[in-house]
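# Analysis of the macromolecular model
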Amino acid sequence: MKCKKCGNEIKEGNNFCTKCGTKIEKEKNIINEEKREVKKEDLKLSKKEKIVLAIIILFTIIFMIYLLIRQGIIKIGGFYF
């Protein structure tokens, strides 16, 4: 990160510029808030991703029911499959 006043390179964790003494704590908070916003956006799923996820979940449930029927744990109409 660079100091906005003098352009000096500032090490992460420093609260003041080592060259001109400008306080940079507020700027660091702004950067952290921007990082939080990006992370929240990354967690959101698009409509297409939600549909794909729903299809995968549905397929998994149907496959599990199929396996239970094949093992004879679930009866359908009095017949074992």
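In short, a report on the structure. (Residues numbered from 1 in each chain as written. Predicted model: local features only at pLDDT ≥ 70, side-chain atom pairs only at ≥ 80, totals over all residues. Heavy atoms only, no water.)

## Comments concerning a nonpolar patch on the surface
Note the cut-off: Patch definition: residues with relative accessible area over 30% and no salt bridge; like charges joined within 9 Å; nonpolar side chains (Val, Leu, Ile, Met, Phe, Trp, Tyr) joined within 5 Å. Accessible surface area values rest on a Shrake-Rupley calculation with a 1.4 Å probe, where residue burial reflects the displayed protein chains alone. Salt-bridge detection follows one rule: a side-chain nitrogen of Lys or Arg within 4 Å of a carboxyl oxygen of Asp or Glu. Each helix corresponds to a stretch of at least 4 residues labelled H or I by DSSP, and each strand to a stretch of at least 2 residues labelled E; elements are numbered beginning at the N terminus.
Judged by side-chain polarity, L45, L53, I57, I61 and I65 come together as a nonpolar surface patch covering roughly 430 Å² of accessible area. Within the secondary structure, I57 sits in helix α2 (residues 47-70).

## Digging into the packing of aromatic side chains
We count it as follows: What counts as a ring pair is set by centres within 6.5 Å for rings of Phe, Tyr and Trp (its six-membered ring), and what kind of pair is set by the plane angle: stacked under 30 degrees, edge-to-face over 60, tilted for all other angles. Remark: exposure states derive from per-residue accessible area (1.4 Å probe, protein chains only) relative to the maximum for the residue type, with buried under 20%, exposed over 50%, and partly exposed in between.
Following the criterion strictly, the structure yields 2 aromatic pairs and no others. Consider the rings of F59 and F63, whose centres lie 6.3 Å apart with planes at 15 degrees: the pair is stacked. Placement of both F59 and F63 in helix α2 is noted, with a separation of 4 residues, approximately one turn of the helix. Accessibility expressed as a relative area gives 42% for F63, which makes it partly exposed. Among the aromatic side chains, those forming a connected cluster through ring pairs are F59, F63 and Y66.

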